[in-house]
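Below are the chains, spelled out letter by letter.
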Amino acid sequence: MEQRPTRSDLFKLGGLAALVGGALGIILNLLHPRSTDNVGNVRGHLEMIANSDMWRLIHVGLGLAVALGLIGVIAIALSMVGSPGEEWARTWLIFTAASSAVLLVLLAIDGTAMKAMADGWLDGGKDAGAFAAAHAVEVISTALFGAGTALYFGVAPLLFGMAVFATGVYPKALGQAAMAAGGLGLLTSLLMAIQGVTTLNSVFLFPVASLLGTIVLMWAGWELWKGQASVGSTRSTTVTKTETPVTPGL
């Protein structure tokens, strides 16, 4: 008779997904082309994209990392079901799912549309019409970048930190790290909204904020994979209160 996967097995797979997705995201972010010379310079940015042979592959890989990370988030949130932090965990899960969708749209536009636009512009002799079209796509991509930073690397880690503090299932230090990562992510997105994309917020602050957020996810995934974060294992020690039925009229 075939044995069904247990809840513990599913938690371990979710923890593994968080670890693999996080590691993949860190590696590909390090490989992602960046330069302080083309920040705010659309022509320079287009040339960098057109001259990159790994642009599409990197963005496809980052999309896979986001998808794996979301699987990890689902498992981590489910591990808090039945704990005092369940509502925070549910909110974090919903918010992360929505912000993951924003990131996937961003990666699709930046990795495919922008690459095609940049290649066409460069191969066409840097035609003015092609540049105008590429510039429009760049504006959309930049707006999604700011929104994704605020949601995925800002608000979502803050919600997870609150869930950790409330639930008592994960180490309190993990909640503190999540709050720090979320605060930096929000600061980065705020600077993007006020200043536009600058060297400070896009080349320096964003990589640090995304790295911290990814480390938090991997840490939670590790705790889940070890089996120490399952609420199911602590339910037997939870004291349940029973109320004496009240007879109407007495």
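Note: the structure precedes this text.
Residues numbered from 1 in each chain as written. Predicted model: local features only at pLDDT ≥ 70, side-chain atom pairs only at ≥ 80, totals over all residues. Heavy atoms only, no water.

Structural notes on the packing of helix 2 (residues 42–50) against helix 5 (residues 128–167)
Then comes step 1: Running from amino to carboxyl end, helix 2 crosses helix 5 at an angle of 90 degrees, the nearest separation of the two axes being 11 Å. The orientation of helix 2 with respect to helix 5, classified from their angle, is roughly perpendicular. Contacts between helix 2 and helix 5 involve Val 42, Arg 43, His 45 and Leu 46 on the former and, on the latter, Phe 131, Ala 134, His 135 and Glu 138. (Axes fitted to C-alpha atoms, helices over the stretch in contact; angles between N-to-C directions. Helix = DSSP H or I, 4+ residues; strand = E, 2+ residues; numbered from the N terminus. Parallel < 35°, antiparallel > 145°, perpendicular 65-115°, else oblique. Contact = heavy atoms within 4.5 Å.)

Quick notes on unusual backbone geometry
Then comes step 1: Within the chain, Lys 126 stands out as a residue other than glycine whose phi angle is a positive 60 degrees.
Then comes step 2: Among the structural elements, Lys 126 can be located in the loop between helix 4 (86–123) and helix 5.
Then comes step 3: Taking relative accessible area as the criterion, Lys 126 reaches 39% and is therefore assigned partly exposed. (Buried < 20%, exposed > 50% of the residue type's maximum accessible area, 1.4 Å probe, protein only.)

Some thoughts on the environment of Thr 149
Then comes step 1: Its location among the elements puts Thr 149 in helix 5.
Then comes step 2: A residue is classified by how much of its surface remains accessible, and Thr 149, at 1% relative accessible area, is buried.
Then comes step 3: Spatially, the C-alpha atom of Thr 149 lies 9.7 Å from that of Val 102, the residues being 47 residues apart in sequence.
Then comes step 4: Ignoring anything within four residues of it in the chain, the contact list for Thr 149 reads Gly 154, Gly 185, Thr 188, Ser 189, Met 192 and Phe 206.

Re the environment of Gly 213
Then comes step 1: For Gly 213, the position within the fold is in helix 7 (residues 199–226).
Then comes step 2: Separated by 59 residues in sequence, Gly 213 and Gly 154 have C-alpha atoms that sit 8.5 Å apart.

Regarding the pattern of salt bridges
Then comes step 1: Inspection of the entire model under this criterion finds four salt bridges.
Then comes step 2: Among the salt bridges present, the one from Asp 119 reaches Lys 115, with a minimum N-O distance of 3.4 Å. Of the two residues, Asp 119 and Lys 115 both sit in helix 4, four residues apart, roughly one turn of that helix. Like Lys 115, Asp 119 is buried.
Then comes step 3: Residues Glu 223 and Lys 226 are paired through a salt bridge, measuring 3.8 Å at the closest nitrogen-oxygen approach. (Salt bridge = Lys/Arg side-chain N within 4 Å of Asp/Glu carboxyl O.)

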